[in-house]
Amino acid sequence: MKFCDPTARVFPRDWVSTYFRHNLSKTGKDHYECPICKTCFDHTQIDCLCGDHIWPYSLMGETSWDNYQLLCRTCNVRKKNFINNEVRKVLGDGSFRGMVFKYIKDSINIPYGISLDEYICFKHTTR
Ligand SMILES: [Zn+2]
């Protein structure tokens with residue numbers, strides 16, 4: 001298995017097939033079951049699966065084998081939206097959210113003239 005930097009944004013592409021094969025030999029089945037929606041995928045449908053951070057990258061989750069699972073594309077997108085919403089709920093709309101936002105904003109040295117969102121996208125794509 002290819003080594004992966006735990007701070008990398010994405011998992012190595014070939015971990016999909018490695019994880020798929022590992023899971024099949026572990027379960028003795030001829031298909032992989034998406035852990036969320038329980039849809040089954042055989043080896044011809046491997047492109048429908050994507051590597052997912054069990055504990056989200058955006059919440060300090062590591063890009064490591066221990067934090068890796070395969071989800072179907074539909075669940076992957078749903079999970080992202082769900083977690084974004086959950087985090088927003090946790091932060092609330094009161095002073096705590098303001099405090100966290102201010103702390104992050106003040107701690108990151110953002111070049112003048114770009115927003116935090118732009119900065120984060122920029123960091124991810126240029127890494
Ligand atoms: Zn699914």
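Residues numbered from 1 in each chain as written. Predicted model: local features only at pLDDT ≥ 70, side-chain atom pairs only at ≥ 80, totals over all residues.

All right, on to the overall build of the protein then. The secondary structure content of the protein amounts to four helices and four strands. Whereas a compact globule of 127 residues would reach a radius of gyration of roughly 14 Å, the protein reaches 18 Å, over 25% beyond that. Expressed as lengths along the three principal axes of its C-alpha atoms, the size of the protein is roughly 50 × 30 × 20 Å. Burial analysis of the protein (127 residues in total) assigns 8% to the buried set. For the protein, the proportion of contacts with a sequence separation of at least 24, taken over those separated by at least 6, is 50%. (Helix = DSSP H or I, 4+ residues; strand = E, 2+ residues; numbered from the N terminus. Rg over C-alpha atoms; globule rule 2.2 N^0.38 Å. Buried ≥ 20, exposed ≤ 12 C-beta atoms within 10 Å, placed from the backbone. Contact = placed C-beta atoms within 7 Å.)

Right, let's get into the nonpolar core. Grouped together as the largest cluster of nonpolar side chains are seven residues: Tyr32, Cys34, Leu49, Leu70, Leu71, Cys72 and Cys75. Counting residues per element, this core draws most heavily on strand β4 (residues 68-72), at three residues. Leave out the neighbours within four places in its chain, and Leu70 touches Val16, Tyr19, Phe20, Tyr32, Leu49, Cys50, Gly51 and Asp52. (Core = buried A, V, L, I, M, F, W, Y, C linked by C-beta atoms within 7 Å.)

For the rest of this paragraph, the subject is unusual backbone geometry. Positive phi, normally seen in glycine, also occurs at Lys38, with a value near 65°. For Lys38, the position within the fold is in the loop between β1 (32-33) and β2 (40-41). Despite not being glycine, Met60 shows a phi value in the positive range, around 70°. Residue placement: Met60 occurs in the loop between β3 (49-53) and β4. Met60 gets classed as exposed once you count the C-beta atoms within 10 Å, which come to 7.

We now examine helix α1 (residues 15-27). Its 13 residues give α1 an end-to-end C-alpha distance of 18 Å, which sits within 8% of 18 Å, the value for a rise of 1.5 Å per residue. In the stretch just after α1, Gly28 is the one whose phi turns positive, near 70°. (Expected span 1.5 Å × (residues − 1).)

On to helix α3 (residues 95-107). Here α3 is 13 residues long and its end C-alpha atoms lie 18 Å apart, about the 18 Å a rise of 1.5 Å per residue gives. Judged by how many residues are buried, α3 sits mostly at the surface: zero of 13 residues are covered.

A few words on the confidence of the model for the protein. Detail in the predicted coordinates should be disregarded across regions flagged by low pLDDT. Here the protein averages 87 in pLDDT, and 92% of its residues register 70 or above. Per-residue pLDDT, averaged within each element of the protein, yields its smallest value for helix α4 (residues 116-126) (62) and its largest for β2 (98). (pLDDT = per-residue confidence, 0-100.)

This part takes up the environment of Cys34. When you line up the elements, Cys34 lands in the loop between β1 and β2. On the basis of neighbour counts, which here come to 20 C-beta atoms within 10 Å, the residue Cys34 falls in the buried class. Remark: the alpha-carbon pair of Cys34 and Lys89, spanning 55 residues in sequence, is separated by 27 Å. Not counting residues up to four positions away in its chain, the partners in contact with Cys34 are Thr39, Leu71, Cys72 and Cys75.

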